[in-house]
Amino acid sequence: MSDDDQQLRVSKIRNGTVIDHITGGQALNVLAILGINGTSGESVSVAMNMPSDRLGKKDIVKVEGRELSQNEVDVLSLIAPAASINIVRDYDVVEKHRVERPSVVVGVLECPNHNCITTEDEPVQSRFAVVDDGVRCEYCDTIIRDELPAHIVTD
Ligand code: CTP
Ligand code: ZN
C-alpha cells in the first residue's frame, strides 16, 4: 500500500462544501447547525479527532451538493472559531475562507426564554448579539453562555 492509500481517510468530494479545521469533537454540532440528520439524502462525510498541526485534533465535515448560508457560517464560527470553509466544484477547491466571529447571529439559535416573542407563534426570527460571555437575545436579553449547541433550532 502506498502512503496515499494509508493516509486517505475520507474521500474527496465532487461538488459541495468541506468544513475543515473544526475544533475537535464539534463535528456533530456542526451537522446540527446545518440541519443535517441524515434523512434528507445528502452524502455527508465526517471525520473526528484527526491529528492537526494547528489544532492538535480537528474534525472535518464534507457535504456533497450543498453550500452554506451566512447565518449557518456565523453560528458555526462560535463553536469552531478556526474552521475554514472550502467550496468545491468539479473536485477543485474554488473558494476558501476562514470563518469570522460575527456581531449578531440571526435564525439558527432558539431563545431559551419561553415567553420571548421569538419562541411564540410569531413570524419573528431569533437575533442574538455576540457578547464576551456568550450570545444575548436582542428581544428579551436572555444570555446563552454555554451549551450553544443545545439551542440550535431543529425543525
Ligand atoms: N477536499 C475534498 N474534496 C475535494 C477537494 C478538497 O474533500 N475535491 C478537502 C481536502 O481533503 C481538505 C480540504 O478540502 O480537507 C481543503 O482542501 P485543500 O485546500 O486542497 O487542502 P489544504 O491546502 O491542505 O487546505 P488548508 O491549507 O486549508 O489546510
Ligand atoms: Zn429571547
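Before any of the text, the structure's been laid out above.
All of these numbers come straight from a predicted model, not from anything done at the bench.

## Section: the site of ligand 1
Moving on, step 1. The local shell around ligand 1 consists of Lys-12, Ile-13, Val-18, Asp-20, His-21, Lys-62, Asn-86, Val-88, Tyr-91, Val-93 and Lys-96.
Moving on, step 2. Between ligand 1 and the protein, one listed contact pairs an oxygen atom with a side-chain N or O atom of His-21 at 3.4 Å.
Moving on, step 3. At 2.6 Å from an oxygen atom of ligand 1 is found a side-chain nitrogen or oxygen belonging to Lys-62.
Moving on, step 4. Within the complex, the protein chains bury 65% of what would otherwise be the 600 Å² of accessible surface of ligand 1.
Moving on, step 5. Sorting the residues of the shell around ligand 1 by element identifies β1 (16-23), β4 (84-89) and β5 (92-98) as the ones contributing at least two each.
Moving on, step 6. When residues of the shell around ligand 1 are assigned to their parent elements, the largest contribution, three residues, is made by β1.
Moving on, step 7. Across the shell around ligand 1, the residue classes tally to five nonpolar, two polar and four charged.

Cut-offs and rules
Residues numbered from 1 in each chain as written. Chains lettered and ligands numbered in written order. Predicted model: local features only at pLDDT ≥ 70, side-chain atom pairs only at ≥ 80, totals over all residues. Heavy atoms only, no water. Near = heavy atom within 4 Å. Polar contact = N/O pair within 3.5 Å; in protein donor to acceptor, adjacent residues only side chain to side chain. Areas by Shrake-Rupley, 256 points an atom, 1.4 Å probe, with all protein chains shown as cover. Helix = DSSP H or I, 4+ residues; strand = E, 2+ residues; numbered from the N terminus. Nonpolar A, V, L, I, M, F, W, Y, C, P; charged D, E, K, R; others polar.

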